[in-house]
Amino acid sequence: LLLFFPHLKQWYQRRVRGEPEEQSWSSYINMELRYKEIERARGIYEKFVLVHPSVKNWTKFAKFEEKHGNIGGAREVYERAVDFFGEEYMEEALFIGFARFEEAQKEYERARCIYKYALEKLTKEQCPELFKAYSMFEKKFGDRRGIEDVIINKRRFKYETEIKHNPLDYDAWFDLLRLLEADGSIEDVRDTYERAIANIPLVASKKGWRRYIYLWINYALFEELEVEDVDKTREVYKACLDIIPHKKFTFGKIWLMFAQFEIRQKNLSEARKIMGTSIGKCPKPKLFKGYIDLELQMREFDRCRKIYEKFLEFDMSNCNTWIKFAELETILGDSDRARAIFNLAIQQPLLDMPEILWKAYIDFEVEEEEHDRVRALYKSLLQRTKHVKVWISYGNFEATIEEAERARDIFEEADRSLQQESQKEERVLCLEAWREFEMKHGTEQTQNDIAKKMPRRVKKRRKIDVEEGGEGGWEEYWDYIFPDAEANSSNLKLLQMAKMWKKQQQESSEEEDEEEEENEEEG
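In this convention, every chain numbers its residues from 1, walking through the sequence in written order. Owing to the predicted nature of the model, reporting of local features is limited to residues with pLDDT of at least 70; listing and counting of side-chain atom pairs is limited to 80 or more, with chain, interface and lining totals taken over all residues. Each side-chain value is derived from all of the structure's non-hydrogen atoms; neither hydrogens nor water enter the calculation.

> For this particular structure, what's the right way to read the overall build of the protein chain?
The way it works is that DSSP assigns letters per residue, a run of H or I at least four long becomes a helix, a run of E at least two long becomes a strand, and they are numbered from the N terminus. Secondary structure summary: the protein chain contains 26 helices and two strands in total. Out of the 523 residues in the protein chain, the part that is buried amounts to 38%. Contacts: residue pairs with any heavy atoms within 4.5 Å of one another. When contacts within the protein chain are restricted to residue pairs at least 6 apart in sequence, those whose partners lie at least 24 apart make up 45%. Looking at the protein chain as shown, the accessible area adds up to about 32400 Å², and 49% of this sits on carbon and sulfur atoms. The buried label applies to any residue whose accessible area, calculated with a 1.4 Å probe on protein chains only, is under 20% of its type's maximum; exposed applies above 50%, and partly exposed to all values in between. Only the protein chains shown count as covering a residue, and every accessible area follows the Shrake-Rupley method with a 1.4 Å probe.

Structure (structure tokens):
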């Protein structure tokens, strides 16, 4: 066999000059290794990786060096392979092999550096196996910090994948940003925020924009509180306000936060300018209230009055605005101005909650101890509504100022009014309030009188009305029978009986007259 070795070697040399397939190179190398020609095999590998420069072949070359005890040579092969492929043609398999080689040599820091370098240079999609290998490495040889880095990188990879599939998944952006803010560089966090806010919602509705706007809010807070960059924070707020379509909708929270930021920077004039722009460009109740609160904190009451006037020009039907405006004047001790505001408010043709406005006006006059004005207000209100609560409140007011006779007259008038309108349940409420008043302020005679007016509660049956002409059956319900109604009912029955008796008398007299006429004709 040794006689044929030189001829076989010559044949392989001529063969590889033509740069054949990989199998021929492998056979040539194996032949040299069988005859323990290590240096010749190394030289063939040098040519082989240049003719067929794949990661698999470079890895074979490195393992060849490692197998034959040339650790330095194996490391050099891996390093040459990394330089050969560069950053443009990097593959995770090369780095996994290189790192495992260093791990086998117990060079754990070298292996960690290789993993981290590869993870930084390769995209997330290019290195799923590399990431798994790094995770296993840190679990075996890493400290607590290294394990935490693996977990963080794993979560980051997950969030980045979700964002790539759907850039408008703002929840994934929030998760990623929270992760980076907890353990990341300022530039990395800032770059991620810029990437996130670049994904503007496709729908022009406030609901679709709400999650997106919170990206801007968190960005501004990060710049102000974490980075403490005032100019950058101001730029973030301005950019956010520029991107919102204010003609369709706005976000009062952004305007208010921007103004409060300027207040913290002791820039009051700029804060006022921001709020003035907000109510001029996109007026809404939240902005008016925020502007008023700002001026109240500054004790600028004249400015508050002007803002309230603008607020009421925007919405004259908002009862809470009228009440708050009047309360401000009351606090400032100007009762006449507060009363004028209330008077103007109750004259508005359209109010969203008139009942609370009237109650606030009445409570104001009660605190001012203007009892005649209170009575006038109750009478004016009763001209608009005959609600039982208004009657009860009016009567209780007179009772609280120890005007028992006036209160009793009001309850009597209320009872008559509700009786005429046939409002049984409301009338019962009125009588119960009247009875409670008499128990506190009345005599035994008045208490007996009101007791006689209380109704009986009886159970009745009525037919259920069903649409489409079907039969609905019968239902039971509770009804109230008042004593005056029973008296009227008995009187009505007597009157009906009297009419029937009179009719019968007339019919009998007519029959008698007819019989007499017939007898006369026969005679």
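> Help me understand helix H5 (residues 71-85) in this model?
Note on helix geometry: an α-helix contains 3.6 residues per turn, so any two residues three or four positions apart are oriented the same way. Its 15 residues give H5 an end-to-end C-alpha distance of 22 Å, which sits within 8% of 21 Å, the value for a rise of 1.5 Å per residue. Of all the residues in H5, the buried ones are Gly73, Ala74, Arg75, Val77, Tyr78, Ala81, Val82 and Phe85. Just downstream of H5, Gly86 is the residue with a positive phi angle, here 65°. One fewer than the residue count of a helix, multiplied by 1.5 Å, yields its expected span.

> Got a minute to help me understand the environment of Asp169 in this structure?
For Asp169, the position within the fold is in the loop between helix H9 (144-165) and helix H10 (170-182). Here the alpha-carbon distance between Asp169 and Arg211, two residues 42 residues apart in the chain, equals 9.5 Å.

> Sorry if this is basic, but what is going on with unusual backbone geometry here?
Leave glycine aside and you will find that most residues have negative phi; peptide bonds, for their part, are mostly trans. Notably, Glu228 is not glycine yet its phi reads approximately 60°, a positive angle. By the secondary structure assignment, Glu228 is in the loop between helix H12 (206-227) and helix H13 (230-243).

> In this structure, what is going on with the pattern of salt bridges? I would like to understand it.
Where side chains of opposite charge bring their charged atoms close, a pairing between them can arise. Think of a salt bridge as a Lys or Arg side-chain nitrogen and an Asp or Glu carboxyl oxygen that are within 4 Å of each other. The tally for this structure, following the rule as stated, stands at 39 salt bridges. The closest approach of N and O atoms between Glu398 and Arg375, which form a salt bridge, is 2.6 Å. Here the residue Glu398 occupies a position in helix H22 (residues 388-400), and Arg375 occupies one in helix H21 (residues 371-384), the gap between them amounting to 23 residues. Among the salt bridges present, the one from Glu438 reaches Arg408, with a minimum N-O distance of 2.7 Å.

> How should the nonpolar core be read in this particular structure?
Side chains that are nonpolar tend, in soluble globular proteins, to be buried together. Joining through side-chain atoms within 4.5 Å is the link that ties buried Ala, Val, Leu, Ile, Met, Phe, Trp, Tyr and Cys residues into a set, and such a set is a nonpolar core. Formed by 97 residues in total, the largest nonpolar core has its most connected members in Tyr212, Ile213, Leu215, Phe342 and Leu357. Take this core: its biggest share by element is nine residues, from H12. Leave out the neighbours within four places in its chain, and Ile213 touches Cys240, Ile244, Phe251 and Ile254.

> How do you make sense of the packing of helix H6 (residues 92-104) against helix H8 (residues 128-141) when you look at a structure like this?
Structural elements are reduced to axes, namely lines fitted to C-alpha atoms, with helices fitted over the stretch in contact, and the angle between N-to-C directions of any two is expressed from 0 to 180 degrees. Two elements in contact, H6 and H8, have axes separated by 9 Å at closest approach and are oriented at 15°. It follows from the interaxial angle that H6 and H8 lie roughly parallel. With respect to the hand of their crossing, H6 and H8 are arranged in left-handed fashion. Contact residues: H6 offers Glu92, Phe95, Ile96, Arg100 and Glu103, while H8 offers Pro128, Glu129, Leu130, Ala133, Phe137, Lys140 and Phe141. When describing relative orientation, an angle under 35 degrees is termed roughly parallel and one over 145 degrees roughly antiparallel, while 65 to 115 degrees is termed roughly perpendicular and anything else oblique. Here a crossing is called left-handed whenever its near helix is offset anticlockwise from the far helix by less than a right angle, and right-handed whenever the offset is clockwise.

> Hey, could you run me through helix H15 (residues 268-281) in this one?
For H15, built from 14 residues, the straight-helix expectation of 20 Å at 1.5 Å per residue is met to within 8% by its first-to-last C-alpha distance of 20 Å. Contacts made by the buried residues of H15 are with helix H14 (252-264), helix H16 (285-297) and helix H17 (301-314).

> Looking at this model, I keep getting lost on the environment of Phe364. Mind explaining?
Mapping Phe364 onto the fold places it in helix H20 (residues 354-367). Residue Phe364 is classed as buried on the basis of its relative accessible area, which comes to 5%. Excluding residues that lie within four positions of it along the chain, Phe364 makes contacts with Thr330, Ser335, Ala338, Arg339 and Phe342.

> Before we go on, may I ask you to explain the side chain of Glu295 in this structure?
Assignment of secondary structure puts Glu295 in helix H16. A relative accessible area of 0% places Glu295 in the buried class. Not counting residues up to four positions away in its chain, the partners in contact with Glu295 are Arg272, Glu300, Arg303, Cys304 and Ile307.

> Teacher, can you tell me more about the packing of aromatic side chains here?
Any two aromatic rings considered together are summarised by their centre-to-centre distance and by the angle between their planes. Put simply, two rings from Phe, Tyr or Trp (the six-membered ring, in Trp's case) pair if the centres are within 6.5 Å, and we call them stacked under 30 degrees between planes, edge-to-face over 60, tilted for the rest. This model, assessed by the stated rule, comprises 25 aromatic pairs. Between the aromatic rings of Tyr378 and Tyr394, the centroid separation amounts to 4.7 Å while the plane-to-plane angle is 10°, which identifies the pairing as stacked. With a gap of 16 residues between them, Tyr378 in helix H21 and Tyr394 in helix H22 connect regions that are remote in the sequence. Each member of the pair, Tyr378 as well as Tyr394, carries the same accessibility label: buried. Here the aromatic rings of Tyr378 and Phe397 are separated by 6.1 Å at their centres, their planes lie at 35°, and the arrangement is tilted. Taken together, the residues span a long stretch of sequence, with Tyr378 in helix H21 and Phe397 in helix H22 at a distance of 19 residues.

> Please explain the packing of H12 against H14 as it appears in this structure.
A pair of packed helices is captured by two measures, namely the crossing angle of their axes and the spacing between those axes. Their axes nearest at 11 Å, the elements H12 and H14 cross at an angle of 10°. Relative to H14, the element H12 lies roughly parallel. For the pair H12 and H14, the contacting residues are Ile213, Tyr214, Ile217, Leu221 and Glu224 in the first and Lys253, Ile254, Met257, Phe261 and Arg264 in the second. For the contact of H12 with H14, the class distribution of residues is seven nonpolar, no polar and three charged. Residues are sorted three ways: Asp, Glu, Lys and Arg are charged, Ala, Val, Leu, Ile, Met, Phe, Trp, Tyr, Cys and Pro are nonpolar, and all the rest, Gly among them, are polar.

> Explanation requested: the side chain of Glu92 in the structure shown.
Take Glu92: it is sitting in helix H6. For the buried Glu92, no salt bridge exists, and the shortest N-O distance to an oppositely charged side chain is 9.0 Å, to Lys132. Here a polar contact is taken to be a pair of N or O atoms separated by no more than 3.5 Å, where protein atoms must pair a possible hydrogen donor with a possible acceptor and residues adjacent in sequence count only if both atoms sit in side chains. Among the polar contacts made by the side chain of Glu92, one reaches the main-chain amide nitrogen of Leu130 at a distance of 2.9 Å. For Glu92, the contacting residues outside a window of four places in its chain are Leu122, Gln126, Cys127, Pro128, Glu129 and Leu130. In summary, the charge assignment counts Lys and Arg as positive and Asp and Glu as negative, without counting His or the chain termini.

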